[in-house]
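# Summary of structural features
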Protein chains: 2
Amino acid sequence: MTATVDELIARHRPTLDAALGAIRSREYYTRFPENAKAYPAEAKEQAQAAFEARRGTTWSLGEAGADGTTVGGEISPYGFELGIGYEHVDPDVLLPAMQAALPAWRDTGGEARAAVCIEILDRLNARSFEVALTAMHTTGQAYMMAFQAAGPNAQDRGLEAVAYGYSALNAHPDKAVWEKPSGRGEPTRLAKKWIAAPRGVALVVGCNTFPTWNGYPGLFASLVTGNAVLVKPHPFAVAPLALTVEIAREVLAEAGFPPDLVALAPEAKDEGLAKTLALRPEVRIIDFTGSNEFGDWLEANARQAQVYTEKAGINTIIVDSFREDEYKAALGHLAFSLSLYTAQMCTTPQNILVPRTGIRVGDELKSPDDFAADLAGAVEKLLGDDARATAILGAVVNPFILERLDRAANVGKTVLATRTVTHPEFPDATVRTPLIAAVDATDADVYTHEWFGPISFIISTDSTQDSINVYRDSVKAHGALTAAVYSTSEDVIAAAEEATWDAGANLSINLVGPIYVNQSAAFSDYHGTGANPAANATYADHAFVAGRFRFIQSRRPA
Amino acid sequence: MTATVDELIARHRPTLDAALGAIRSREYYTRFPENAKAYPAEAKEQAQAAFEARRGTTWSLGEAGADGTTVGGEISPYGFELGIGYEHVDPDVLLPAMQAALPAWRDTGGEARAAVCIEILDRLNARSFEVALTAMHTTGQAYMMAFQAAGPNAQDRGLEAVAYGYSALNAHPDKAVWEKPSGRGEPTRLAKKWIAAPRGVALVVGCNTFPTWNGYPGLFASLVTGNAVLVKPHPFAVAPLALTVEIAREVLAEAGFPPDLVALAPEAKDEGLAKTLALRPEVRIIDFTGSNEFGDWLEANARQAQVYTEKAGINTIIVDSFREDEYKAALGHLAFSLSLYTAQMCTTPQNILVPRTGIRVGDELKSPDDFAADLAGAVEKLLGDDARATAILGAVVNPFILERLDRAANVGKTVLATRTVTHPEFPDATVRTPLIAAVDATDADVYTHEWFGPISFIISTDSTQDSINVYRDSVKAHGALTAAVYSTSEDVIAAAEEATWDAGANLSINLVGPIYVNQSAAFSDYHGTGANPAANATYADHAFVAGRFRFIQSRRPA
């Protein structure tokens, strides 16, 4: 498998060029097929065997600084202990080793680093079924979603970050002759040289629900721009990132680079390792996905680092009017958005704004109650069969979701109660259907904070214009990853867009097909905007990558 | 003079394209000639008359929020009061007016904004002699330096920022059709739209010594990316930025935009206005040049904003060896570097590292004492004639410089004492020549902090390798804007470069000609790196502009 850097460049330059083209057009592009049938028939079974073989063992990555203790304790949301141990590392040993690895990685240049990154992604892709199992049994995603989101979709996001990083590194040549004319006599000539110097060690703080999809943009953006990357996984979702780091280290070593350029730092129970690492002087970049509380703490305290955060927001749908022939499809579509992965996505809609004067469906006027009943019916229909329901819902990721569902049962008027679903394959899995409650726009104390999980509110407003105002104010004050509007009026759509430009969300308009408001596609859709409190960055643009390295210059007479 | 936006685009697109080409090649480019002879013969006299006419008056810019009080009190370092008053503004009125101006500026698009910015720069250029007088009599720069640095050179830095901003805005088209193939049946088509949304109001906190050169990069980077810009000048250097803001407002109004997109906020004595403005929620970007103390405060406290700082550093020269035929030129060159604008530049060298075993000049070995005496002699020769000396030195910008010179007289061994020079034209100007002291590398408490002003140290080290280590450690710990090495050995140069890549300074090698280590050229040399404590950004690269706006998206079925 060993390949020289030159071989890797030759192998992956076409992919890099295709990805560079995609970020310039932001048209459809993917390198990693999300259709499981595109993968070898035997891969799925092999992955199952590999996953089972991991259980009951310690997963050693051979990192500098392994301190002889083992941590772990992941429990599958499908109801069993993973039984995988991970080697705990001593930052005082590991971080200097990572720093020592930087010059070789810097000096090999951006094209070589991009090729190494793409090789890592390709090998991750070949292991996508194994990635899927690690993701399923840490996040609770259903198998097929875990395959797509943690596998090919995450890999595409990683490749997108590689392309942006490479593009930023190549803003200008690494050498130039500067020739300043002189009125009389010879011009002044200086030979200039630039090097893209990394900031240092980059810390990726992983999340419980999308450890790879939300982790790869920062990981690959930092790696391609010359940094070393230390991955601190969420203690409930270590395995997907351990597999990622293992493959990255393999590829680095084979290509002749120090494997400690990418390392995993799993934590002991209640160790609070992310805080410790985030304040280390060696750590100059942090990518974090998770709670507002810790994201805000990082932004305030990890001042030696560039901090990129994706935190919580409140996603809103403005419902104004539907074409009669699209209403049913829209309800089914919305029901799916509210159900997918038990709404444990930072992109799931929570607040659905409906004018109390009613919405038009063709020639008919529907009250908020009518609409709520229709939507509840669509969810019930979608999730009526337990086997089908579990394939959409997956499992409840942690007990906080259940607590929140209990509290939500007493809020407003319950339009649709949550229901316990029995998983046909994993009887110990906790599976719950969404709860929908109706409230009034005046009940701002209810709906102006995030209820992470399968809880949404149908909120009666004074008018669609009032809905747009509520939406705008909410995004500005509380943030949002996504937003949507349903209207047959171009004026309403334009007003919703204007509010969106102002407040800084990403808006989906009249979606009824197979792309959902919760989903963003690498190379085309931005995830987060960096313009509202839910995130200070987006996946991915030049702002996401340009601060991860610095051009350093020398000049001399030519 | 009124021009439509379309006319401005047609007029300035070629300049924009040339500037875009320059930032991609980083070869020599300038739009604004620094040779005063390139300007109309009568311009200089007209400027003198305009400057005189300002004195004794209140400079009204017609801004929203003028609160009826007048502030001012600038005193020329050449020994007279400017007597110019400025209208004080109420941020509670001005900031909402600036915010209200944003949508029109955003919606006109990047090409129109770039054209407006270039028109502003062109008009500033036509007023370069007036700019020069305002700069001379606030910063103390000599007339010709004030002309070049505050006029055309600053204007080129502004254009460079426009080019980077425009380039970042145009990373991809503002519309695309995304077409995802489907195994069976029709592909899914979404029409996507992106808008580059500004962050809000950008605050430029001006400095005393280079109000335009250090102010324009942030000002124009923010403006071209769609923000409104509020300029808070240093209370000792208001006039150059008042003139800048006046011209910007003129151009904006003529092109049909709200002039409050650019405004000046001069402060009352001891008002501490920068702190007040920096914490306003409307202020989402801050560009600051000045002290470490306030820069660090901004980074720690102005958390609602992107903060770009250029603070203090310690600039170092590693002296190893010279070609015999270049030694004299090098001494004269270094003498000029140490004297230009009384070393009141953030780029002036302070620490000159010389191995105590001596340096080679051709076949000769010179001790640190020999080298110190040679350098002192070169400075004395350069500044021997008072008229010539004042043309290089300008005037002392503020009394802190004199205090520091007094303290430095008692440090180490004085190699060259400072001397008072009488200005032939302005007898009340305070003009002083540089002080050079010799110390040992063990006297780290002396030379590891900045002595802003005409104070430098010749520091005896154990060896050139020791010098390189001292240099590397100093840049990492205390920052630097510039660095230089003089050596005939390619090994030494390579080692100095390697230390530079690691520590993150900008290095000049064996400069002896008309380009000095203190100088950086727009479109080619970076000023600061963002990689050491002296600055968290550089003029200018994509990292300097990419975070000043956000792409916001909508998508709908196509």
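Scroll up to find the structure this text is about.
Our subject in this report is the structure included herewith. Here the structure is a predicted model, which is why all the values come from computation and not from measurement.

## As for the overall build of chain A
The number of helices and strands found in chain A is 19 helices and 25 strands. On C-alpha atoms alone, chain A measures out to a radius of gyration of 25 Å, which is about the 24 Å that the 2.2 N^0.38 rule sets for 558 residues. A total of 558 residues make up chain A; the buried ones form 63% of that total. Sequence-distant contacts, at least 24 apart, represent 76% of the contacts inside chain A between residues at least 6 apart.

## Considerations on the pattern of salt bridges
If you walk through the whole model with that rule in mind, you get 78 salt bridges over all chains. Residue B:Lys180 pairs with A:Glu34 through a salt bridge whose shortest N-O separation is 2.4 Å. Of this pair, B:Lys180 sits in strand 6 (residues 175–180) while A:Glu34 is found in the loop between helix 1 (5–25) and helix 2 (43–54), placing the two residues in two different chains. A salt bridge links A:Arg356 to A:Asp462; its shortest N-O distance comes to 2.8 Å. A residue pair is termed long-range when its members are at least 10 positions apart, and A:Arg356 in the loop between strand 15 (351–355) and strand 16 (359–361) and A:Asp462 in the loop between strand 22 (455–461) and helix 17 (464–478) qualify at 106 residues. Given the relative accessible area of 48%, A:Asp462 is considered partly exposed.

## Here we look at the packing of aromatic side chains
All names here are of chain A. According to the stated counting rule, one finds 46 aromatic pairs over all chains in the structure shown. When the ring of Phe210 is compared with that of Tyr341, the centres are 5.6 Å apart and the planes differ by 85 degrees; the resulting orientation is edge-to-face. Remark: Tyr341 occurs in the loop between helix 12 (324–339) and strand 15 and Phe210 occurs in the loop between strand 8 (201–205) and helix 8 (216–224); sequence separation between them is 131 residues. In this structure, Phe210 and Tyr341 share a single accessibility class: buried.

## Structural notes on the interface of chain A and chain B
Opposite the 74 residues of chain A that make contact, chain B presents 73 residues. For the chain A and chain B pair, buried surface summed over both sides reaches about 6,100 Å², with 53% attributable to carbon and sulfur atoms. The largest contributions to the chain A side of the interface with chain B come from A:Tyr28, A:Trp501 and A:Arg555, which together make up 14% of the buried area. At the junction of chain A and chain B, the tally comes to 12 salt bridges. Among the salt bridges present, the one from B:Asp525 reaches A:Arg555, with a minimum N-O distance of 2.7 Å. Between chain A and chain B we count 40 residue pairs in polar contact (both at pLDDT 80 or more) in total. By residue number, the principal contributor to the side of chain A that touches chain B is strand 25 (residues 549–557) of chain A, which donates 8 residues. For the side of chain A that touches chain B, the per-class residue count stands at 33 nonpolar, 18 polar and 23 charged.

Rules used throughout
Residues numbered from 1 in each chain as written. Chains lettered and ligands numbered in written order. Predicted model: local features only at pLDDT ≥ 70, side-chain atom pairs only at ≥ 80, totals over all residues. Heavy atoms only, no water. Helix = DSSP H or I, 4+ residues; strand = E, 2+ residues; numbered from the N terminus. Rg over C-alpha atoms; globule rule 2.2 N^0.38 Å. Buried < 20%, exposed > 50% of the residue type's maximum accessible area, 1.4 Å probe, protein only. Contact = heavy atoms within 4.5 Å. Salt bridge = Lys/Arg side-chain N within 4 Å of Asp/Glu carboxyl O. Phe/Tyr/Trp six-rings, centres within 6.5 Å; stacked < 30°, edge-to-face > 60°. Buried area = accessible area lost by both parts, 1.4 Å probe. Polar contact = N/O pair within 3.5 Å; in protein donor to acceptor, adjacent residues only side chain to side chain. Nonpolar A, V, L, I, M, F, W, Y, C, P; charged D, E, K, R; others polar.

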